[in-house]
Amino acid sequence: MTAEGIIIGNDDRHTCSWHGGLDDYRRYHDEEWGRPVTDDVRLFEKICLEGFQSGLSWLTILRKRENFRQAFAGFDFAVVAEFDETDIARCLADAGIIRHRGKIVSTINNAKRALALKEEFGSLARYFWSFEPGRGERPDLVTRAVIVANPTTPTSVRLSKDLKKRGWTFVGPTTIYAFMQAMGMVNDHLEGCYCRAEVEAMREVLERP
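These numbers come from a predicted model, not from an experiment. (Residues numbered from 1 in each chain as written. Predicted model: local features only at pLDDT ≥ 70, side-chain atom pairs only at ≥ 80, totals over all residues. Heavy atoms only, no water.)

Trainee: Whenever I open this one, the overall build of the chain confuses me. Can you help?
Mentor: Tallying secondary structure elements over the chain gives 12 helices and two strands in all. Overall, the chain shows an N-to-C arrangement of helices and strands of β-β-α-α-α-α-α-α-α-α-α-α-α-α. The C-alpha atoms of the chain give a radius of gyration of 17 Å, which matches the 17 Å a tight globule of 209 residues would have. Summarising its shape, the C-alpha atoms of the chain cover approximately 50 × 35 × 30 Å along the three principal directions. Counting the 209 residues in the chain, one finds 48% classified as buried. When contacts within the chain are restricted to residue pairs at least 6 apart in sequence, long-range pairs at least 24 apart make up 66% of them. Split by element, the accessible area of the chain, about 10200 Å² in all, is 51% carbon and sulfur. Seen as two clouds, the 29 positive and the 31 negative side-chain charges of the chain have centres 4 Å apart. (Helix = DSSP H or I, 4+ residues; strand = E, 2+ residues; numbered from the N terminus. Rg over C-alpha atoms; globule rule 2.2 N^0.38 Å. Buried < 20%, exposed > 50% of the residue type's maximum accessible area, 1.4 Å probe, protein only. Contact = heavy atoms within 4.5 Å. Areas by Shrake-Rupley, 256 points an atom, 1.4 Å probe, with all protein chains shown as cover. Lys, Arg positive; Asp, Glu negative; His and termini not counted. Charge placed at Lys NZ, Arg CZ, Asp CG, Glu CD.)

Trainee: How should the pattern of salt bridges be read in this particular structure?
Mentor: Pairs can form between side chains of opposite charge once their charged atoms are near each other. In total, this model carries 21 salt bridges according to the counting rule given. The salt bridge partner of Asp-87 is Arg-90, with a shortest N-O separation of 3.1 Å. Remark: Arg-90 and Asp-87 occur in helix α6 (residues 85-92); sequence separation between them is three residues, near one turn of the helix. Residue Asp-87 is classed as buried on the basis of its relative accessible area, which comes to 17%. (Salt bridge = Lys/Arg side-chain N within 4 Å of Asp/Glu carboxyl O.)

Trainee: So what exactly am I meant to see when it comes to the packing of aromatic side chains here?
Mentor: Any aromatic ring pair is given by two values, namely how distant the centres are and how the planes are angled relative to each other. The full count for this structure, using the stated rule, is 16 aromatic pairs. With 6.4 Å between their ring centres and 65° between their planes, Trp-18 and Tyr-28 make a pair best called edge-to-face. You can see Trp-18 sitting in the loop between β2 (14-16) and α1 (23-31) and its partner Tyr-28 sitting in helix α1, a full 10 residues away along the chain. Residue placement shows Arg-13 over the ring face of Tyr-194; its charged tip is 4.2 Å from the ring centre. (Phe/Tyr/Trp six-rings, centres within 6.5 Å; stacked < 30°, edge-to-face > 60°. Lys NZ or Arg CZ within 6 Å of the ring centre and 35° of its normal.)

So, in structure tokens, the structure goes:
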């Protein structure tokens, strides 16, 4: 790994180093992370999984993601909002997911809050993308040092506060910044990573909700 946080893979491509060269983690980095998302169900999935990740590694969550999808009805928040104590017990007995009662209950609560957001704004995408930071809030160069020094941003703090005011849980500013990175609201592929230009091109042509 270079001092800039870049590694060179077996395909000779320069990428962010955080995937460690692990095949599934590399695919997530290359094909998904940071690429803009405007689908409501996918956005709900991402924010919930970031909440489950709190205190754990993202790789742990990634490798359990299909199990989470099965446990939470594909993260269809209209369905999850109707979960009851029987569903909570079912999830707590599911060894394929993170069996944390608080996080399971939070997912059900947040599904109800998501329905309210959709009713108010028309879509989750329209709400979340309305917080997209302007160029003046972004660093001139996205380097490893910048990322390490900024686990939260002014935007993630604002969005976290607004979600909490609306009754969402497990949405602290660090969790929300990870969500913003994952769903492409910001492009935090490092300078020198080949994905950075691809993601930026996608963001340039993206029709914001």
